[in-house]
Structures are given as C-alpha cells and as structure tokens.
2 protein chains.
Amino acid sequence: MIKVCIIGSGNVAHHLTLAFQAADQIEIAAVYSRSGEKIQGVDSMVITDLEDLPMADVYIISVSDSAIADIASKLPFSDRLVVHTSGSVGIDAITEQNRAGVFYPLQTFSKNKTVDLSDVPICIEALSEHDYKLLETVGRAISGVVQRIDSKKRRALHLAAVFVSNFTNRMYGIGEQICQQHNISFDLLKPLIQQTADKILALSPTQAQTGPAKRRDQATIDAHLALLNDEQKKIYQIMTQSIQNG
Amino acid sequence: MIKVCIIGSGNVAHHLTLAFQAADQIEIAAVYSRSGEKIQGVDSMVITDLEDLPMADVYIISVSDSAIADIASKLPFSDRLVVHTSGSVGIDAITEQNRAGVFYPLQTFSKNKTVDLSDVPICIEALSEHDYKLLETVGRAISGVVQRIDSKKRRALHLAAVFVSNFTNRMYGIGEQICQQHNISFDLLKPLIQQTADKILALSPTQAQTGPAKRRDQATIDAHLALLNDEQKKIYQIMTQSIQNG
C-alpha cells in the first residue's frame, strides 16, 4: 500500500483524490485543504494545517501554479518525495529540502464533470530512478498511460494542450454565441463536435481539415465575415489564414 | 420506396449515397458523376450525362457551392423536387423550373472516415408542405434528427459549424505542430481532445472553460508566448483575449 497525501482542493486535487480513493494500491493518508472543506465521496482525514501532515510515501501538491513553491517551502519535514501536478511549472519549484518530482495528469478538469482517468496520460518526472519507479506505480494505479516527460517537454505539452482544449472550447463558445444570436439550438452542433474530435483518432489534423478556408471558397468566407462581430471576425480571419498557410 | 438520384461525387455525395444504400425506404435510382467514378460499395447505376437522369422522387445535388446553380439550370426536366446539400447556399440557387429544397447534413465528411449518420442533424427546407414531408421521410430514413431550418438560419448554423469544427480541427493541427517541434507524441493529447468534446454534452462552453487565459495566469501566458512562432502567437493572443472577454 502506497500512502499519499494530497495538498490542495482545486479541480485537479479533487479528481486525483477521487481516483486514488478508488485505487486498491493507494491509501490516502490525508487531504490538506486551507478551508477544511471535504471532497464529496472521500472519507480521508482533512487537515487545515501543514504541520499536521502525517507520514506518507508521496506528497502531491495540487494548487495554483504560483502557490506551489511557497507551499513546498513550508512543508515541516525533509527528504520526503514531494511532487506537483502542474503542466507549466518546473520540477525545481519543489525546494531542495525534499525529493522533488512532478505528477502531471494531462486532462481538463471541471468540478461538475466526472473524468475517467484510466486513459489520461500521467506525465512523470523525478530526480532519481527510485522516486520515478514509485511515481510510476502511483500513476499506474489510476491510469493505463504513464509517461516519462521532463520539465521542458512538459511545458510544450501543456502549451499544445491549451490549443487543443482551452482554445477549442472557446471555439465551441463562439459557436454557441452565433446560435444564440440566430435563435438556433446549440444542441444541433453537438454531433459535429463529437465527430470532429473522433476523426482525429483516425486521421491527422491535416487530413481531417475541411471547410471554406481549406477549399479557398472566398464567396462563403466573405458571406461569413459579414455575419460576425469584430472579435469573431478577427478570429475567423486569422484561423482561415492559418488553415490556408497549412 | 422513395427513389433518389444523387448528383455529385464529393465527400457529402459519397457519405449520403452510402447511407441511402443502407436505408430500407430509399432506392438510389442513379448517381451522376462527371468522371463516371463508382463509389466503393455502392451498386447503383453511375451516369456521366445529366440527360440520362432517370425518373425519381428527389434529385439531390451535392456539388461545390459555386456549381449548384449551374447544375440545377441544366437539368433536363421540370416540376420535380430538386434539393442541394449546402450549408451556405440559399434555396433559390435551384432554378424555378423545378421544385426547390435543401437537404443539409450538419456534419464534417472526409472520404477515408466513415460517419454514422444516425445522429447527424439533417436540416431541411422546402417551398411546399408536400415537399417538406417527402424530404422529412428521406431524412428520417438515414437520421434520427431531422430539423426544419430556413436558408437564413442554415447560413448561421453553417458559420457556427466552421468555428466548432473547421477551426477546432485547426487547433488540433497547431497542437500537433507544437508536439512535433518538441519531439512529443501527439497521441498523448488525444484523450484530452475527446474529453474536451465530451464535456460539452454536460456543461455549457462557458462552464467548461479552463486554462491560463480563464485563470488570468499571466506568468504562464507569457511563458507560452515565448515558445510560439508568429502565427501561433497571434492566435494564442486573440483566443486568450476572447476567453477573457467572455
């Protein structure tokens, strides 16, 4: 049994804790939450003072990027394995007093939507092979995809994730705006959204690209631009250009 | 049995023909293809001269937007139901010599990827209730979602589809570029792409929005911008702005 402490109460902490609670090989020794708020469905001890953190094999800091180094420096122990879960913060944010690592689940988490972590890539980094193996076991307890990724590559991966997830979701949002402006149900677009994501499992994005930009159908492009507000128009133009540049 | 002729051999014609061939209530009377090319798996007669079009209940013109009016004007008959499959062309592209309609499947089609049409919205427009009912029956033969949408709304819907599908696919493409630049497998992003699309079934795009732009995490945004080329940087900035404007 590997003992884990979760430090944090945001979306990532929330979903990791639920996954660990369901994993046979993991025992959650404690969850630290500044507010003392319990995670629904999790029975583990909640503590509000870092001084109360019990002994564990791994301490997982899952807080906002800017708070990681501060929390790490306040841990009341040394030479234990302490990892963070951020895509964009280097492994060196964990102070040298402890053994540093990273445990980054490459996924988008919202509190109100459960996520099956079993196919979510867990990107792992550690300073020693011993710690790497330990993190690999923790990762395998909740996911079938555990990958060694260093801080530099992880930062690039996180950047790519912003495009394929955050910016994609914003495209959904603009689609919804346009539907609302014209009294059309956004639900009509949902099968298309699913199919667009599914296509990428079988085709490369270049092969899968369709639409007026790809066809260089200027008449349709001009008709579309006439229907858009300034912000939407700028996005339409730059994405059309990007598709045509290839 | 409703007799249908398909006029065209592009991606939409291809997938519609396959779906009609599998539908009990539909008989494909002929497929017109300028090149005479057969669609793999379809047994129907292929003709290369519009003059050879046999008698049918519906003629479905599925060609590039700019060619619709020209093909419609060359049909060697009158007073038959003739529809096109375009999202952005008005119903009036079908000349008055025939009864005009639109049969627009709201989906992204690529030749090498089969599409299950059963949940694809078929957006229908006709000039008479009789023709509308006929198109509705044809639509229901291949899809569970048949919707009456006029030319103006269809154009807006098509525009929204460009954002949620064509531009989203381009975001996948930029994600792949970044992975290639840093020697990372694009496969790592595929579960995230699926989850981002799945979230939209349960949450609105506004609720589902996450990421550094949403959190106004300027340190991460600046670090990301430093890793991008000029085109990627412009897209990153405008999408970040758009997310923050809400």
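Residues numbered from 1 in each chain as written. Chains lettered and ligands numbered in written order. Predicted model: local features only at pLDDT ≥ 70, side-chain atom pairs only at ≥ 80, totals over all residues. Heavy atoms only, no water.

**What about the interface of chain A and chain B?**
Quite often, the size of an interface is put as the accessible area lost when its parts meet. The interface is formed by 89 residues belonging to chain A together with 89 residues belonging to chain B. Counting the surface chain A buries against chain B, the share from its top three residues, Phe163, Val164 and Leu188 of chain A, is 8%. If you look at where chain A meets chain B, you find 0 salt bridges. Linking chain A with chain B are 31 residue pairs in polar contact (both at pLDDT 80 or more), by the criterion used here. Elements with a minimum of two residues in the side of chain A that touches chain B: α4 (151-181), α5 (190-202), α6 (205-208), α7 (212-215), α8 (218-225) and α9 (230-245) of chain A. In terms of residues, the side of chain A that touches chain B owes the most to one element, α4 of chain A, which gives 26 residues. Here the residues of the side of chain A that touches chain B sort into 42 nonpolar, 33 polar and 14 charged. (Contact = heavy atoms within 4.5 Å. Buried area = accessible area lost by both parts, 1.4 Å probe. Salt bridge = Lys/Arg side-chain N within 4 Å of Asp/Glu carboxyl O. Polar contact = N/O pair within 3.5 Å; in protein donor to acceptor, adjacent residues only side chain to side chain. Helix = DSSP H or I, 4+ residues; strand = E, 2+ residues; numbered from the N terminus. Nonpolar A, V, L, I, M, F, W, Y, C, P; charged D, E, K, R; others polar.)

**Description of the relation of the copies chain A and chain B**
Between chain A and chain B, the superposition needs a rotation of 180° and an axial shift of 0.0 Å, giving an RMSD of 0.0 Å. When the rotation and shift are considered jointly, the pair of chain copies conforms to a two-fold rotation axis. For chain A, the residue whose C-alpha comes nearest the rotation axis is Thr168 of chain A, separated from it by 2.6 Å. A share of 100% of the interface residues of chain A reappears at the interface of chain B, consistent with the copies meeting face to face through the same patch. (Least-squares fit on C-alpha atoms with pLDDT ≥ 70 in both.)

**Overview of the nonpolar core**
Leu53, Phe163 and Leu189 of chain A together with Leu53, Phe163 and Leu189 of chain B are the most contacted members of the largest nonpolar core, which has 120 residues in total. Excluding residues within four positions of it along the chain, Leu189 of chain A makes contact with Gly175 and Cys179 of chain A together with Leu106, Leu157, Ala160, Ala161 and Val164 of chain B. (Core = buried A, V, L, I, M, F, W, Y, C linked by side-chain atoms within 4.5 Å. Buried < 20%, exposed > 50% of the residue type's maximum accessible area, 1.4 Å probe, protein only.)

**Points about the packing of aromatic side chains**
One pass over the full model with this rule turns up 10 aromatic pairs over all chains. Seen from their ring centres, Phe167 of chain A and Tyr236 of chain B are 5.1 Å apart, and the 75° between their planes marks the pair as edge-to-face. Of the two residues, Phe167 of chain A sits in helix α4 while Tyr236 of chain B sits in helix α9 (residues 230-245), which places them in two different chains. For Phe167 of chain A, a relative accessible area of 1% corresponds to the buried category. On the accessibility criterion, Tyr236 of chain B (1% relative accessible area) is buried. Aromatic ring contacts, followed pair by pair, group Phe163 and Phe167 of chain A together with Tyr236 of chain B into a single cluster. (Phe/Tyr/Trp six-rings, centres within 6.5 Å; stacked < 30°, edge-to-face > 60°.)

**Quick word on the confidence of the model for chain A**
In this model, chain A carries a mean pLDDT of 94, and residues with pLDDT of at least 70 account for 100%. Interface predicted TM-score (ipTM) for the complex: 0.91; the corresponding pTM is 0.91. (pLDDT = per-residue confidence, 0-100.)

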